[in-house]
Amino acid sequence: MKAKTLLVSAIGLSTLLGCIEGDNYVRFNDYVTMEAGLLPDTMILNEPYSLQIRASAPNGCWSNVRVYLNIKSDTAYYFSAVGTYENHGEACSQQLVIHDTIITITPKVEKTHLMYFYNPTGDHQIRTDTVYIKAE
């Protein structure tokens, strides 16, 4: 009986919250376009390198755009950008939402490093750059 009362309360609450937001409310997180500055062909071991990255979302319904770096190994770097889309049924303003950031990478091993950049649109969704690391 207690579980049935809890279930009915949960359904009623979710229905009420759905009505408060409106039928046209949409909110989700998704990948957005990212552009990275030019990488050098060669980097020096244990020297920091600053990488400029610009992430952009296509209209004003996007916010909270951010860039992520996931280091899979000492030689593999995966970059992606994510934003939050939120709309209450209104038209989105036609402006780019841009987030510029600098990520510093310091190679720790004298091996070829692979940089993977994920973009959800375009012909090539994953851009791969190779950077050679040398000891000075």
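Residues numbered from 1 in each chain as written. Predicted model: local features only at pLDDT ≥ 70, side-chain atom pairs only at ≥ 80, totals over all residues. Heavy atoms only, no water.

Caption draft 1: Geometry of the state of the cysteines. For the structure on display, the rule yields one disulfide. A sulfur-sulfur separation of 2.0 Å characterises the disulfide bridge that pairs Cys 61 with Cys 92. Here the S-S torsion is close to -100°, and the disulfide linking Cys 61 with Cys 92 is therefore left-handed. A residue pair is termed long-range when its members are at least 10 positions apart, and Cys 61 in the loop between β4 (49-57) and β5 (62-73) and Cys 92 in the loop between β6 (76-87) and β7 (97-105) qualify at 31 residues. (Disulfide = S-S within 2.5 Å. Helix = DSSP H or I, 4+ residues; strand = E, 2+ residues; numbered from the N terminus.)

Caption draft 2: Layout of the pairing of β5. Judged from the nine bridges that link them, β5 and β6 form a sheet pairing that is antiparallel. Bridged to Ser 63 within β6 is Thr 84. Linking β5 to β6, which pair antiparallel, is a turn of two residues. (Pairing = 2+ DSSP bridges.)

Caption draft 3: Quick look at the packing of aromatic side chains. Across all of its chains, the model carries six aromatic pairs by this definition. Ring centres of Tyr 31 and Tyr 118 lie 4.8 Å apart, and the angle between their planes is 70°; this geometry places the pair in the edge-to-face category. Of this pair, Tyr 31 sits in strand β1 (residues 26-31) while Tyr 118 is found in strand β8 (residues 113-118), placing the two residues 87 residues apart along the sequence. Tyr 31 sits in the partly exposed class, given a relative accessible area of 39%. Judged by centre distance (4.6 Å) and plane angle (10°), the rings of Phe 79 and Phe 117 are stacked. Here the residue Phe 79 occupies a position in strand β6, and Phe 117 occupies one in strand β8, the gap between them amounting to 38 residues. (Phe/Tyr/Trp six-rings, centres within 6.5 Å; stacked < 30°, edge-to-face > 60°. Buried < 20%, exposed > 50% of the residue type's maximum accessible area, 1.4 Å probe, protein only.)

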